[in-house]
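# Observations on the three-dimensional arrangement
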Amino acid sequence: MGGTSIAQRSKYFINYSNPASYSVFDSTSFVFDVAVYSKFSTFLTTDIKQEANYTSLGYLTLGFPVARHWRTSLGVIPYSNVGYIVKFDSTYENIGTASFENTGTGGLNKIYWGNGFSISKHLSLGFNLTYVFGTIDKDKAVLIQADTALNSKVVNNTQVGGFLTDLGLQYQWNLKNNYFLTLGLVYSPSLDLNAKSNDLSYTFLRNASTGVDNILDTVYYSPNTKGTIKIPQKLGFGANYGKINQWDIGIDAQWQDWSKYRYYGESNDLQNSLRVSIGGRFMPTAGFGSYIRRLNYRAGVRFEKSYLYLNDKSINNFGVSFGIGFPLPKLSSLNVGFEYGSGGTMANNLIKENFFRISLGVSFYDRWFLKQRYD
């Protein structure tokens, strides 16, 4: 639904975006959600076109009741990923042609424990305690085509680990004729992640037939350099209006203060980000009728001003999505989603991305914690 989620709440699926939504889980239910997605991208410059694709885990989450007014959730969700290979040549006087190769791999994941509490008939509060971990590798190589020249490479390996916190609030009014209005608020305070970096610079010769680098001399080596990565505060607001078990439409706005981001004390000249999304859901017949009429249709659109500001240009992203939920036994569902979008620009020697994303997920809903009775 375009990422619209801050004011969403349902006992049939887990909404990690706002931990206050966990409070709506049934007192005897168990919910399990899992999804994967594939992204197919086309990168464009004024004279180059490149195709790329990858598949990743979307999320793996579960939720269940703890006490009368307390529900909890656990899960694993990707946090960020790095994957690029950039190559280009430049010609210099008295040196000749130099080839530059920049590569990056790895990423961060997060394991969370979330809790939602029903404070009153209308108000619920919640929090997620998240541990972020992972490794990022970045290499920069310069290859001089002259026979007598030495090549050089800079290798950086960074290991990250630390805790983040998300706070959430939802307030729902139950209106006449099964209509409802829900308002949601989420806030993530600024926190520091611990990082450990290993840096190595060396000269080498590359075997032309095998492509293997033969190291000649170490220029610089700095192991286990400790530092912090400051993740800035984030604030989001959402509203959702609809008719219970029939339809709803929502809007989200989320802002993050990326100007305060720091990597080992450096700012990287990022700008504040803002994402706005609108999405809706429609179910012709809830629980009864033909199978086709019990499908759950979803659609949405999103616009994002990202934290990147390059060559005097803001890097903006746009996406349109559509999905269908197919009912399964025991109130579970198979969810298929599609999104088409674009990001970046070809202006000022930058790169534009057009992408198509497919997601496939399953939501399992079952009743647990029931005592058997015998006559």
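The structure under discussion appears in the preceding block.
Now for a quick tour of the structure. Small disclaimer: the values here were computed from a predicted structure and weren't measured.

This part covers the overall build of the protein chain. What the protein chain contains, in helices and strands, is zero helices and 17 strands. By principal-axis analysis of the C-alpha atoms, the protein chain measures approximately 90 × 40 × 40 Å. The proportion of buried residues among the 375 residues of the protein chain is 38%. In the protein chain, of all internal contacts separated by at least 6 residues, the share reaching a separation of at least 24 is 61%. With 35 positive and 26 negative side-chain charges, the protein chain shows a separation of 16 Å between the mean positions of the two kinds.

Our focus in this paragraph is the nonpolar core. Membership of the largest hydrophobic core is limited to twelve residues, which are Leu108, Val132, Ile136, Val160, Leu164, Leu193, Ala195, Ile229, Ile231, Trp258, Tyr261 and Leu270. Those elements that provide at least two residues to this core are β5 (123–144), β6 (151–174), β8 (191–206) and β9 (213–231). Counting eight residues, the second-largest nonpolar core is a separate cluster that includes Ile14, Tyr16, Val31 and Ile77.

The subject of this paragraph is the pattern of salt bridges. This structure, assessed with the given rule, holds eight salt bridges. For Glu304, the salt bridge goes to Arg302, with nearest N and O atoms at 4.0 Å. What you see here is one network of salt bridges that share partners, running through Arg302, Glu304, Glu339 and Arg357.

Secondary-structure assignment places Phe133 in strand β5. For Phe133, a relative accessible area of 29% translates into the label partly exposed. C-alpha separation for the pair Phe133 and Thr203, spaced 70 residues apart in sequence, amounts to 31 Å. The residues contacting Phe133, other than those within four sequence positions of it, are Gly107, Leu108, Asn109, Lys110, Ile111, Val160 and Gly161.

Our focus in this paragraph is the pairing of β8. Along a regular strand, successive side chains alternate from one face of the sheet to the other. Looking at chain direction, β6 and β8 are connected through eleven bridges and run antiparallel. In the strand pairing of β8, Asn157 is matched with Asn198. Pairing geometry for β8 and β9, over 15 bridges, is antiparallel. Residue Thr203 lies in a different strand from β9, and its bridge partner there is Asp217.

Basis of the calculations
- Residues numbered from 1 in each chain as written.
- Predicted model: local features only at pLDDT ≥ 70, side-chain atom pairs only at ≥ 80, totals over all residues.
- Heavy atoms only, no water.
- Helix = DSSP H or I, 4+ residues; strand = E, 2+ residues; numbered from the N terminus.
- Buried < 20%, exposed > 50% of the residue type's maximum accessible area, 1.4 Å probe, protein only.
- Contact = heavy atoms within 4.5 Å.
- Lys, Arg positive; Asp, Glu negative; His and termini not counted.
- Charge placed at Lys NZ, Arg CZ, Asp CG, Glu CD.
- Core = buried A, V, L, I, M, F, W, Y, C linked by side-chain atoms within 4.5 Å.
- Salt bridge = Lys/Arg side-chain N within 4 Å of Asp/Glu carboxyl O.
- Pairing = 2+ DSSP bridges.

In short, geometric facts, not functional conclusions.
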